[in-house]
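# Residue-level structural notes
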Amino acid sequence: MDGGGDPAARRALTSDEANRLAVTRFLNYQAGGRAVTITVPSAAGGLVVTGSVDYRAGIGYGVVRGAGRDTSSDGLIQWTAATVLVHPMTDVPATAPASPPPSGWYRRALQKSGSSLDSSLAITLGLGSDRPDNAELLPQNGAELVGKGTVRGHSVEIMTGPNARTAPGNSFALETNTGNAVRYWIGGDGTMYRVRAGVASESQPVVIDFDNRKYVPVRAAPGVTPVR
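Nothing here was measured: the structure is a model prediction, and the numbers come from that model.

### Some details on the overall build of the protein chain
Looking only at helices and strands, the protein chain has three helices and 12 strands in total. Within the protein chain, buried positions represent 51% of all 228 residues. Intrachain contacts of the protein chain at a sequence separation of at least 6 include 59% that bridge at least 24 residues.

### As for the pattern of salt bridges
Pairing between side chains becomes possible if they bear opposite charge and their charged atoms approach one another. Overall, the coordinates contain nine salt bridges when judged by the stated rule. The closest approach of N and O atoms between Arg25 and Asp133, which form a salt bridge, is 3.2 Å. Here Asp133 lies in the loop between α2 (116-125) and α3 (137-140) and Arg25 lies in helix α1 (residues 15-31), a separation of 108 residues in the sequence. As far as burial versus exposure is concerned, Arg25 and Asp133 are alike and both buried.

### Focus: the side chain of Asp133
For Asp133, a relative accessible area of 8% translates into the label buried. Separated by 3.2 Å, the side chains of Asp133 and Arg25 make a polar contact.

### Description of the sheet that holds strand β8 (residues 144-151)
Read across the sheet, 12 strands follow the order β1-β8-β9-β10-β11-β12-β2-β3-β4-β5-β6-β7 without closing on themselves; strand pairing throughout is antiparallel. At either margin of the open sheet sits one strand with a lone partner, and together these are β1 (11-12) and β7 (106-109). Where strand β11 (residues 192-197) lies against strand β12 (residues 206-210), four bridges are found, and the strand directions are antiparallel. Bridging across to β12, Arg196 finds its partner in Val207. Taken strand by strand, α1 contacts β1, β2 (33-40), β8, β9 (154-160), β10 (183-186), β11 and β12, and its axis lies near 110 degrees from that of β9. Strand contacts of α2: β2, β3 (47-54), β4 (59-66), β5 (75-79), β6 (83-88), β7, β11 and β12, with the helix running at about 155 degrees to β2, the strand carrying the most contacts.

Definitions and cut-offs
- The numbers attached to residues start from 1 for each chain and follow its sequence in the written order.
- Confidence filtering applies because this is a predicted model: local features only for residues at pLDDT of at least 70, side-chain atom pairs given and counted only at 80 or more, and all residues used for totals across whole chains, interfaces and linings.
- Excluding hydrogens and water, the side-chain values take into account all heavy atoms of the structure.
- We count a stretch as a helix when DSSP gives it H or I for four or more residues in a row; a strand needs E for two or more, and each element gets its number in order from the N terminus.
- Accessible area is worked out with a 1.4 Å probe on protein chains only. A residue is then buried under 20% of its type maximum, exposed over 50%, and partly exposed in between.
- A contact between two residues is defined here by any heavy atoms of the two lying within 4.5 Å.
- Just to be clear on terms, a salt bridge is a Lys or Arg side-chain nitrogen sitting within 4 Å of an Asp or Glu carboxyl oxygen.
- Whenever a nitrogen or oxygen atom comes within 3.5 Å of another N or O atom, the pair is scored as a polar contact, on the condition that within protein one atom can donate a hydrogen and the other can accept it, and that pairs from neighbouring residues in sequence are kept only if both atoms are in side chains.
- Criterion used throughout: strands pair if DSSP finds at least two bridges between them.
- For helices, the fitted line uses only the C-alpha atoms of the stretch in contact; every axis is such a line through C-alpha atoms, and the angle between N-to-C directions lies from 0 to 180 degrees.

Structural data, given as C-alpha cells:
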C-alpha cells in the first residue's frame, strides 16, 4: 500500500536508516535528473505537473493541468529557483515536447510565499543536492521512522525529515513555510520515491512522486539559463 505511516510506530532512525535519508537527495543529483509528478493543492481545484527535473542544472520542465477553476493554468511550465515560465495551451499534450516552444512563454519571478504552485516547484527543486547530508545530525534535528509501505511496487521506509522551522542551518531542511516535518518514502538503497510537504497557503500538502517513467533531459526554454 502507499501508506502514510502509523503514528504509533514512530521511532528514532537507526544508523542505516539515517544513512539512507542522508544520501537520498544526493542520489537524485547523481542521477542527473528524475521524472516527477507534482500534485499541488488548491481550493480552486488543484494542479498536477508532470515532467522532469534536472537536479544538476537546477531546472524543471513539464505539463501542468488543473481541475475546477484551475484549468486556466493548463499548458507547459518551466522553472528554476528564481523564475517560472508558463506557456498556456487549450489542448495540453500528455507529455511536454522535448524541445520547448520558441515563443509564447510568459515569464515571472518565482514567489517565495503565498503561492502553493511556486512553493511546490521550489520544494521539488530542493530535493537534489551535490553532496550527502550529515547522517549524524538528522536524528538530532527530528528525523524519525514513521512506517513502511510500498510505492508503485517498491518497498519503502517512510521517514520524516528535520523540522524546517527549527533547523535553519541544516541543508536537508526544506522550507515548507509551515514548520511541519517533510515526509519521505525511501527505498532500501536510498532512492527517493515520494515526498510530502506542507505549504502555508493550503491546508493539504503537496505530494511529489518520482515516477517509473523514463527521465527526459530538460532543455531550457528561451531566456532560461541553467545553473551549471
